[in-house]
Amino acid sequence: MTSVKTKTLPMGGGGASAVVVPDATPPVYKRRRKPLTFDKVSFFVVFLGLPLAIYLLFVIWPFIQAFGYSLTDWSGFSPKQNFIGLENYQKLFTDDIFMKAMGNNILLVIFLPIITIILSLVLATLVTVGGSSRGQIKGLRNSSFYRVVSFFPYTIPAIAIGIMWGQIYDPSGGLLNGILTSLGLEQFKSFAWLGDKSTAMIATMFVIVWGFIGFYMVLFVAGIKGIPAELFEAARIDGAGRFRTAVSITIPLIRDNIQTAYIYMGILALDAFVYMAALNSGGGPDNSTLVMSQQLFFTAFTKGQFGLASAMGVVLAVATLIFSGLVFLVNRLTGGDKDVSL
């Protein structure tokens, strides 16, 4: 409803006249709060309250418990728990073995995501837009076959991959040494790939990359398929090569996929328990492949020091959170939060 105001205007001869002028001020309506109904309450409880309760119970509460145990000398096999404060954390950061394991995890975090993502991105580009430079934009011939072959290792359980590659790396009768010897490289006749300090970590990283490269290739293929083909055709007309097209079109438009892949691979690198335990259960020569999760397991179930092992778990969880935060921060600082217009 529009309100009106009466305004007095001067008239000729010293008189005045009252004129009705509409008030341009919009009326203020009070927002009425709708009453809560059973449907609304049940919706909030089922779709918000229940998932939140499950998350708090099975994610947040165990972490709080682990932090509490890390402040005690609990052995894990008795109800006795003496509060010792931050003593376990002091032990960790003065323990050469644990610091060595942390260094190995940092090494994996640096190299594993980069190597896996680059190789997966190259393969995904080849099977989607890496075909002939003439005619329709398409991938290599028989690209569907390459996708299946590349994805196959991901379908194998990690422990099975570790055992299989452990046999391949076997110095006495392993397949790898047999192939290299048959090619005339006699120095690899009894070479211990996992028993040599200089090759143990590299051989282990190769196994992890081999197991995950197909999965991330499929992830990137899905992202590249969502890019309009007209963009690649326009780049081709402008004379852009394959590398320039990948850097200027493909990577910016699937940046979110790459960020997700980097975070998941980083979390895997900070854990890597299954692969390390299957390939080198003792941590490798001079602990060259030992990771924090292995040392945690050994401390808890072999030494019976659950309080100290809980401190290791807290450090591992904090390192994971810091890594994820750094990835998001770098992505934001480099313009990853901005929409890329098609």
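Scroll up to find the structure this text is about.
Residues numbered from 1 in each chain as written. Predicted model: local features only at pLDDT ≥ 70, side-chain atom pairs only at ≥ 80, totals over all residues. Heavy atoms only, no water.

Colleague: Give a description of the overall build of the protein that names residues and reports values.
Modeller: Looking only at helices and strands, one finds 13 helices and 2 strands in the protein. Expressed as a percentage of its 342 residues, the buried residues of the protein come to 34%. Relative to all contacts within the protein whose residues are 6 or more apart in sequence, the contacts with residues 24 or more apart total 62%. Surface accessibility of the protein: about 21400 Å² in total, with carbon and sulfur atoms responsible for 67%. (Helix = DSSP H or I, 4+ residues; strand = E, 2+ residues; numbered from the N terminus. Buried < 20%, exposed > 50% of the residue type's maximum accessible area, 1.4 Å probe, protein only. Contact = heavy atoms within 4.5 Å. Areas by Shrake-Rupley, 256 points an atom, 1.4 Å probe, with all protein chains shown as cover.)

Colleague: How would you summarise the side chain of S293 if you had to cite specific residues and measurements?
Modeller: Along the polypeptide, S293 turns up in helix 12 (residues 292-301). Judged by its relative accessible area of 9%, S293 is buried. Those residues in contact with S293, other than ones at most four positions away along the chain, are D271, A272 and F273.

Colleague: Could you give an account of unusual backbone geometry, with specific residues and numbers?
Modeller: Comment: phi is negative for the bulk of residues other than glycine, and the bulk of peptide bonds are trans. Despite not being glycine, A272 has its phi angle at roughly 55°, a positive value. Mapped onto the elements of the fold, A272 is located in the loop between helix 10 (255-271) and helix 11 (273-279). For D286, which is not glycine, the phi torsion reads 55° and is therefore positive. Mapping D286 onto the fold places it in the loop between helix 11 and helix 12. Given a relative accessible area of 52%, D286 falls into the exposed group.

Colleague: Help me get a handle on the pattern of salt bridges, residues and values and all.
Modeller: Enumeration over the complete set of coordinates arrives at 2 salt bridges. Across the pair D286 and K197 runs a salt bridge whose closest N-O atoms are separated by 3.0 Å. One end of the pair, D286, is in the loop between helix 11 and helix 12; the other, K197, is in the loop between helix 6 (175-182) and helix 7 (200-225), with 89 residues separating them in the sequence. (Salt bridge = Lys/Arg side-chain N within 4 Å of Asp/Glu carboxyl O.)

Colleague: If you had to explain the packing of aromatic side chains to someone new, which residues and values would you point to?
Modeller: Applying the stated criterion across every chain, the model contains 20 aromatic pairs. The interplanar angle of 70° and the centroid separation of 5.6 Å between the aromatic rings of W165 and W210 together place this pair among those described as edge-to-face. You can see W165 sitting in helix 5 (residues 158-168) and its partner W210 sitting in helix 7, a full 45 residues away along the chain. By relative accessible area, which is 11% here, W165 ends up buried. A ring pair is formed by F188 and W193, whose centres lie 5.5 Å apart and whose planes are at 5°; its orientation type is stacked. In this structure, F188 and W193 share a single accessibility class: buried. Members of the aromatic cluster, connected to one another through ring pairs, are Y69, W74, F77, F273, F297, F301 and F306. (Phe/Tyr/Trp six-rings, centres within 6.5 Å; stacked < 30°, edge-to-face > 60°.)

Colleague: Could you give me a rundown of the environment of S310, with the residues and numbers involved?
Modeller: For S310, the position within the fold is in helix 13 (residues 306-333). Apart from residues lying up to four places away in sequence, S310 is in contact with A66, Y69 and S70.

Colleague: Now, about the nonpolar core: what can you tell me, with residues and values included?
Modeller: Nonpolar side chains in soluble globular proteins tend to be buried together. In this structure, L108, L112 and F220 are the most contacted members of the largest nonpolar core, which totals 62 residues. Elements with a minimum of two residues in this core: helix 2 (87-92), helix 3 (96-129), helix 5, helix 7, helix 8 (229-237), helix 10, helix 11 and helix 13. Those residues in contact with L108 that lie beyond four places of it in its chain are P113, M201, M205, A269, A272, M276 and V291. (Core = buried A, V, L, I, M, F, W, Y, C linked by side-chain atoms within 4.5 Å.)

Colleague: Give a description of the side chain of N331 that names residues and reports values.
Modeller: Counting through the fold element by element, N331 comes out in helix 13. Look at N331 and you get buried, because its relative accessible area is 13%. Within the structure, the side chain of N331 is placed 2.9 Å from the side chain of R255, a separation counted as a polar contact. In this structure the side chain of N331 is engaged in a polar contact, spanning 2.6 Å, whose partner is the side chain of Q259. (Polar contact = N/O pair within 3.5 Å; in protein donor to acceptor, adjacent residues only side chain to side chain.)

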